[in-house]
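In case you want the letters, here they are:
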Amino acid sequence: MSESTVIKTKKRFIAGAVCPACSESDKLMMWSEDEVPHRECVACGYSDTLNAQGQSIPSELGTRVNQSAPKVANPKVQTVQFFPNPKLKKPEA
Ligand SMILES: [Zn+2]
């Protein structure tokens, strides 16, 4: 028995998410493998992962989605949280 199993979460559709490749909405599925978020579009087959910064890393499965897309992935898809720098905030005591 090994404990180094990759923990996969169930795939599920992201409501309101727009595919960065084909711009179809509600076609993106998301799941996590070993706490790495993966996304996949069921409409065009586009898939990517998100890095620690929440940025899209397209997988290299196919170059057909390798178009110079001016559109960035829908920010709604990425649940990134930017924590404010506490040093910038003066606590009002
Ligand atoms: Zn797509």
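S.K.: Is there a simple way to explain the pairing of strand E3 (residues 36-41) in this structure?
M.R.: In the case of a regular strand, side chains alternate between the two sheet surfaces. Sheet topology note: the strand E2 (residues 28-33)/E3 ladder contains 6 bridges and is antiparallel. By the bridge assignment for E3, Met30 is matched with Arg39. Linking E2 back to E3 in an antiparallel pair, the connection comprises 2 residues, with Asp34 at a positive phi of about 55°. Where E3 and strand E4 (residues 47-50) come together, 3 bridges link them in antiparallel fashion. Looking at the pairing, Glu40 lines up with Ser47 of E4. Following E3, the chain reverses through 5 residues before pairing antiparallel with E4; Gly45 in that reversal takes a positive phi of roughly 90°.

Definitions and cut-offs
- Residues numbered from 1 in each chain as written.
- Predicted model: local features only at pLDDT ≥ 70, side-chain atom pairs only at ≥ 80, totals over all residues.
- Heavy atoms only, no water.
- Pairing = 2+ DSSP bridges.
- Helix = DSSP H or I, 4+ residues; strand = E, 2+ residues; numbered from the N terminus.

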